[in-house]
Amino acid sequence: MPERCEVCGQKMELEVGFYYGTGYVSYGLSVALLGAVFVAYWIIFGLSYKDYSIFYALGAAIAIVLLLQPWLMRISRVLYLYGFVKYGKGSRMVSEE
């Protein structure tokens, strides 16, 4: 990973351990996606304990979340940066020291 952004010069590592917080954002996104897939499965196929369809829904939801995990981690990093780094006209860049 480069030390600074090639376009704007923003430092990639703002402080030691800055991106540890993205784990919480990624967790929240994963739980939300897991719930959304589970509800979509419930609406489309229906759920029942008698025919084990609830376990199929849970398996499908977990598989989709695992497949999308690299995307979730990247989007959580972007959301975390949006929350802590100010961009735009007149804003002081965090990279200024």
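Nothing here was measured: the structure is a model prediction, and the numbers come from that model.

### Side note on the confidence of the model for the protein
As a general rule, the predicted coordinates of low-pLDDT regions are not to be interpreted in detail.
Link 1 in the chain: Summarising the model, the protein shows a mean pLDDT of 82, and 88% of its residues fall at 70 or more.
Link 2 in the chain: Looking across the protein, the model is least confident in helix α3 (residues 69–84), with a mean pLDDT of 89, and most confident in helix α1 (residues 22–45), with 92.

### Description of the packing of α1 against α3
Link 1 in the chain: Relative to each other, α1 and α3 sit at 125 degrees, their axes nearing to 8 Å. Here α1 is positioned oblique relative to α3, judged by the angle of their axes. At the point where α1 passes α3, the crossing takes the right-handed sense. Along its contact with α1, which presents T22, V25, S26, L29, S30 and L33, the element α3 presents Q69, L72, M73, I75, S76, R77, L79 and Y80.
Link 2 in the chain: Partitioning the contact of α1 with α3 into residue classes produces eight nonpolar, five polar and one charged.

### Side note on the packing of aromatic side chains
Link 1 in the chain: Under the defined criterion, the tally for this structure stands at three aromatic pairs.
Link 2 in the chain: Between Y41 and F45, the ring centres sit 4.8 Å apart and the planes meet at 50 degrees, which makes this aromatic pair tilted. Of the two residues, Y41 and F45 both sit in helix α1, four residues apart, roughly one turn of that helix.
Link 3 in the chain: With relative accessibility at 17%, the residue Y41 sits in the buried group.
Link 4 in the chain: Under the relative-accessibility criterion, F45 is labelled exposed at 59%.

### Brief notes about the nonpolar core
Nonpolar side chains tend toward joint burial in soluble globular proteins.
Link 1 in the chain: Grouped together as the largest cluster of nonpolar side chains are six residues: L14, F18, Y19, Y80, L81 and V85.
Link 2 in the chain: Apart from the residues lying within four places of it in its own chain, the contact partners of F18 are E13, Y80, L81 and F84.

### Here we look at the side chain of S30
Link 1 in the chain: Note that S30 resides in helix α1.
Link 2 in the chain: Excluding its chain neighbours within four sequence positions, the residues that come into contact with S30 are V65, Q69 and L72.

### A look at the packing of α1 against helix α2 (residues 53–67)
Link 1 in the chain: Across the interface, α1 lies against α2 with an axial gap of 9 Å and an inter-helix angle of 140 degrees. Considering the angle they form, α1 stands oblique to α2. Relative to α2, α1 is oriented so that their crossing is right-handed. Residues S30, L33, L34, V37, F38 and Y41 of α1 form the contact with α2, whose participating residues are S53, I54, Y56, A57, L58, A60, A61, I62, I64 and V65.

### Describing α1
Link 1 in the chain: If you check α1, its first and last C-alpha atoms are 34 Å apart, about what 24 residues at 1.5 Å a residue would give, namely 34 Å.
Link 2 in the chain: Along α1, the residues classified as buried are T22, S26, S30, V37 and Y41.
Link 3 in the chain: Buried residues in α1 make contact with α2 and α3.

Conventions used here
- Here the residue numbers are simple positions, counted from 1 along each chain's written sequence.
- Only residues with pLDDT of at least 70 are given local features in this predicted model, and only at 80 or more are side-chain atom pairs given and counted; all residues enter the totals for whole chains, interfaces and linings.
- Values shown for side chains rest on all heavy atoms present in the structure; no hydrogens or waters enter the calculation.
- You can read pLDDT as the predictor saying how much it trusts each residue, on a scale of 0 to 100.
- In this description a helix means any DSSP run of H or I spanning at least four residues, a strand means any run of E spanning at least two, and both kinds are numbered starting from the N terminus.
- For helices, the axis comes from a line fit to the C-alpha atoms of the stretch in contact; other axes are also lines fit to C-alpha atoms, and the angle between any two N-to-C directions lies between 0 and 180 degrees.
- Comment on the angle field: the value is read as roughly parallel under 35 degrees, roughly antiparallel over 145, roughly perpendicular from 65 to 115, and oblique elsewhere.
- Crossing handedness: left-handed means the near helix sits turned counterclockwise from the far one by under a right angle, and right-handed means the same turn made clockwise.
- Contacts between residues were defined by any pair of non-hydrogen atoms, one from each residue, lying within 4.5 Å.
- Classification convention: Asp, Glu, Lys, Arg as charged; Ala, Val, Leu, Ile, Met, Phe, Trp, Tyr, Cys, Pro as nonpolar; all other residues, Gly among them, as polar.
- Any pair of Phe, Tyr and Trp rings, taking the six-membered ring for Trp, is counted once the centres come within 6.5 Å. Such a pair is stacked with planes under 30 degrees apart, edge-to-face with planes over 60 apart, and tilted for the rest.
- Exposed residues in this analysis have more than 50% of their type's maximum accessible area, buried residues have under 20%, and partly exposed residues fall in between, with area computed by a 1.4 Å probe over protein chains only.
- Working definition of a nonpolar core: buried Ala, Val, Leu, Ile, Met, Phe, Trp, Tyr and Cys residues. They are joined through side-chain atoms within 4.5 Å.
- Each helix should span, by expectation, one fewer than its residue count multiplied by 1.5 Å.

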